[in-house]
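# Reading the structure
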Amino acid sequence: MQDDLSTILEPGMFVLAPDTPDWGLGQVQSNVGGKITVNFENEGKLVLDARHIRLQIVYLD
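Residues numbered from 1 in each chain as written. Predicted model: local features only at pLDDT ≥ 70, side-chain atom pairs only at ≥ 80, totals over all residues. Heavy atoms only, no water.

Per the secondary structure count, the protein includes one helix and five strands. When the helices and strands of the protein are read in sequence order from the N terminus, they spell out α-β-β-β-β-β. Along the first, second and third principal axes, the C-alpha atoms of the protein reach 25 × 25 × 15 Å. Looking at the protein as a whole, 36% of its 61 residues qualify as buried. A separation threshold of at least 6 residues defines the contact pool for the protein, and within that pool the share at least 24 residues apart is 39%. When the accessible surface of the protein is split by element, carbon and sulfur atoms take 50% of a total near 3,900 Å². (Helix = DSSP H or I, 4+ residues; strand = E, 2+ residues; numbered from the N terminus. Buried < 20%, exposed > 50% of the residue type's maximum accessible area, 1.4 Å probe, protein only. Contact = heavy atoms within 4.5 Å. Areas by Shrake-Rupley, 256 points an atom, 1.4 Å probe, with all protein chains shown as cover.)

Encoded structure:
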């Protein structure tokens, strides 16, 4: 679904999953071969396939 975004996500970046807003804010833990591990504030740590989930980068001040 969003292969191009997976190439720029790095550990420490913050993301949202717009299709599942109840997960809350997430922080990228790792990104290996399109498998992105994100620790979400309300859902915990998830390993996501970048081809099947939409993520949005969040820039915090």
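Picking up where we left off.
Within the open sheet, the five strands sit side by side as β4-β3-β2-β1-β5. Their pairing is antiparallel. The strands lining the two open edges of the sheet, one partner per strand, are β4 (44-49) and β5 (56-58). Each strand of the sheet is rotated relative to its neighbour by a mean of 40 degrees, with strand direction disregarded. Note: strand β1 (residues 14-16) against β5, three bridges, orientation antiparallel. What sits directly across from Phe14, in β5, is Val58. (Pairing = 2+ DSSP bridges. Axes fitted to C-alpha atoms, helices over the stretch in contact; angles between N-to-C directions.)

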